[in-house]
Amino acid sequence: MIGDSITSALYQKALDGTWQRQKATSNNIANSETPGYKAIKVNFEDSLKAEMNKLQTTTNSSSTGFLDKMEGIQSINDSSISVYEGATSSRLDENNVDLEAENIDMSKSVLQYYYLVRGVSDSYSRFKYAVNGGK
């Protein structure tokens, strides 16, 4: 990513989390008819929100220097991507995959990933514009 900024660390972690969610959702869809299969869910947003709240509190209470920035980047990089089993099943074969919900989740993840990649691309474009002196 461009430099070592908190924004680029957030983009990277969000892209990683979204990619993990897409893989989990693909596995869930592929195993929708497998008896006993338990759907896998991925959550990274809560962890990122917690890290951002900590950074915002730190930023408001102290001056932000190089070390604060590096600690913020490291805390974002260390934030967790949680992978867990979905809710219990009401099906006779003990499979808990809801194919309709999984397809909706996949569509949301694809759109989210697209917009994250677009954000990274826009950051590179702005950086290139600045480096080229506005040309």
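Residues numbered from 1 in each chain as written. Predicted model: local features only at pLDDT ≥ 70, side-chain atom pairs only at ≥ 80, totals over all residues. Heavy atoms only, no water.

Draft legend 1. Representation of the overall build of the chain. Each helix and strand counted, the chain has 4 helices and 2 strands in total. Reading the chain from its N terminus to its C terminus gives the helix and strand order α-β-α-α-β-α. In the chain, buried positions account for 28% of the 135 residues. In the chain, the proportion of contacts linking residues at least 24 apart, taken out of those at least 6 apart, comes to 82%. Accessible surface, the chain as shown: approximately 8,800 Å² in total, 55% of it carbon and sulfur. (Helix = DSSP H or I, 4+ residues; strand = E, 2+ residues; numbered from the N terminus. Buried < 20%, exposed > 50% of the residue type's maximum accessible area, 1.4 Å probe, protein only. Contact = heavy atoms within 4.5 Å. Areas by Shrake-Rupley, 256 points an atom, 1.4 Å probe, with all protein chains shown as cover.)

Draft legend 2. Geometry of the nonpolar core. If you look at the biggest cluster of nonpolar residues, it comprises 10 residues: A9, A14, L15, F44, L48, L55, I73, I76, L116 and V120. Of all the secondary structure elements, the ones that give two or more residues to this core are helix 1 (6–30), helix 2 (45–61), helix 3 (66–78) and helix 4 (99–131). For this core, the element with the most residues is helix 1, which contributes 3 residues. If sequence neighbours within four positions are ignored, A14 has contacts with F44, L48 and L116. (Core = buried A, V, L, I, M, F, W, Y, C linked by side-chain atoms within 4.5 Å.)

Draft legend 3. View of the packing of helix 1 against helix 4. It is at 9 Å that the axes of helix 1 and helix 4 come closest, and there the two elements cross at 155 degrees. The angle between the axes of helix 1 and helix 4 places the two elements in the roughly antiparallel class. Seen from above, helix 1 lies across helix 4 with left-handed handedness. (Axes fitted to C-alpha atoms, helices over the stretch in contact; angles between N-to-C directions. Parallel < 35°, antiparallel > 145°, perpendicular 65-115°, else oblique. Left-handed = near helix turned anticlockwise from the far one by under 90°.)

Draft legend 4. Focus on the packing of aromatic side chains. Counted by the stated rule, this structure contains 2 aromatic pairs. A ring pair is formed by W19 and Y113, whose centres lie 6.1 Å apart and whose planes are at 50 degrees; its orientation type is tilted. One end of the pair, W19, is in helix 1; the other, Y113, is in helix 4, and 94 residues separate them in sequence. You can call W19 partly exposed: its relative accessible area is 44%. Here Y114 and Y115 contribute two aromatic rings whose centre-to-centre distance is 5.1 Å and whose plane-to-plane angle is 75 degrees, an arrangement assigned as edge-to-face. (Phe/Tyr/Trp six-rings, centres within 6.5 Å; stacked < 30°, edge-to-face > 60°.)

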